[in-house]
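# Structural description and commentary
Single-letter residue listing:
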Amino acid sequence: GGRDDFNLAPHVYDLADGTYRSMMLKIDLARAGEKCDQSILVSGESGAGKTVTTKFIMQYLATLSERRAEAKAIDELGGKPSSSTPKKRTKKRESVDLGL
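Residues numbered from 1 in each chain as written. Predicted model: local features only at pLDDT ≥ 70, side-chain atom pairs only at ≥ 80, totals over all residues. Heavy atoms only, no water.

### Focus: the packing of helix H2 (residues 12–29) against helix H3 (residues 50–76)
When two helices pack together, their arrangement is given by the angle between the helix axes and by the axis-to-axis distance. Inclusion rule: Helix axes use the C-alpha atoms of the stretch in contact, all axes being lines fitted to C-alpha atoms, and the angles between their N-to-C directions lie in the range 0 to 180 degrees. Runs of E in the DSSP output that reach at least two residues are strands. Runs of H or I that reach at least four are helices, and both are numbered from the N terminus. When describing relative orientation, an angle under 35 degrees is termed roughly parallel and one over 145 degrees roughly antiparallel, while 65 to 115 degrees is termed roughly perpendicular and anything else oblique. The sense of a crossing depends on the near helix, which, turned anticlockwise from the far helix by less than a right angle, makes the crossing left-handed and, turned clockwise, makes it right-handed. We call two residues contacting when some pair of their heavy atoms lies within 4.5 Å. Any residue outside Ala, Val, Leu, Ile, Met, Phe, Trp, Tyr, Cys, Pro, Asp, Glu, Lys and Arg is labelled polar, Gly included; the first ten of those are nonpolar and the last four are charged.
For the pair H2 and H3, interaxial distance at closest approach is 10 Å and the crossing angle is 45°. By the criterion of interaxial angle, the relationship of H2 to H3 is oblique. Relative to H3, the crossing made by H2 is right-handed. Packed against H2, whose contacting residues are Val-12, Tyr-13, Ala-16, Asp-17, Tyr-20, Met-23, Met-24 and Asp-28, the element H3 presents Thr-53, Phe-56, Ile-57, Tyr-60, Leu-61, Leu-64, Ser-65 and Arg-68 at the interface. Class assignment for the residues of the contact of H2 with H3 results in 11 nonpolar, 2 polar and 3 charged.

What follows is the structure, given as structure tokens:
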């Protein structure tokens with residue numbers, strides 16, 4: 001990718017995307033009904049932006065998870081979107097349900 005070309009530090013969304021893909025692969029490979037715990041560790045020095053970075057990662061993962069759930073719901077309906085399929089989140093949530 002682009003970061004290899006210029007030897008730049010990894011970008012938060014690039015890391016979050018890789019995390020999401022790895023998480024989904026592990027969940028898909030897990031046997032039906034088997035619990036598949038996942039975690040993310042964000043570390044750094046004081047004032048390095050850990051809290052903000054964690055918020056970006058969680059929002060990104062929640063957005064991708066929501067899209068996956070919507071796509072699954074559409075597939076189950078034979079490719080036709082349901083009127084009950086959420087279009088946009090309007091309420092801010094304290095916790096994030098990744099729908100996994």
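### Brief notes about the packing of aromatic side chains
This is how it is decided: Stacked, tilted and edge-to-face are the three classes assigned to paired rings of Phe, Tyr and Trp, where Trp is represented by its six-membered ring and a pair needs centres within 6.5 Å; plane angles under 30 degrees give stacked, over 60 edge-to-face, the rest tilted.
Inspection of the entire model under this criterion finds 2 aromatic pairs. Here the aromatic rings of Tyr-13 and Tyr-60 are separated by 5.5 Å at their centres, their planes lie at 55°, and the arrangement is tilted. Of this pair, Tyr-13 sits in helix H2 while Tyr-60 sits in helix H3; the two residues are 47 residues apart in sequence, bridging distant segments of the chain. Through a chain of ring-to-ring contacts, the aromatic side chains of Tyr-13, Phe-56 and Tyr-60 assemble into a single cluster.

### A word on the pattern of salt bridges
The test is simple: The salt bridge criterion pairs a side-chain nitrogen of Lys or Arg with a carboxyl oxygen of Asp or Glu, the two atoms within 4 Å.
Per the counting criterion, the structure on display carries 2 salt bridges. The closest approach of N and O atoms between Asp-17 and Arg-21, which form a salt bridge, is 2.8 Å. With a gap of 4 residues between them, Asp-17 and Arg-21 both fall in helix H2, about one helical turn apart. Linking Arg-68 and Asp-28 is a salt bridge whose minimum nitrogen-to-oxygen distance equals 2.8 Å. Taken together, the positions of Arg-68 in helix H3 and Asp-28 in helix H2 put the pair 40 residues apart, joining distant regions of the chain.

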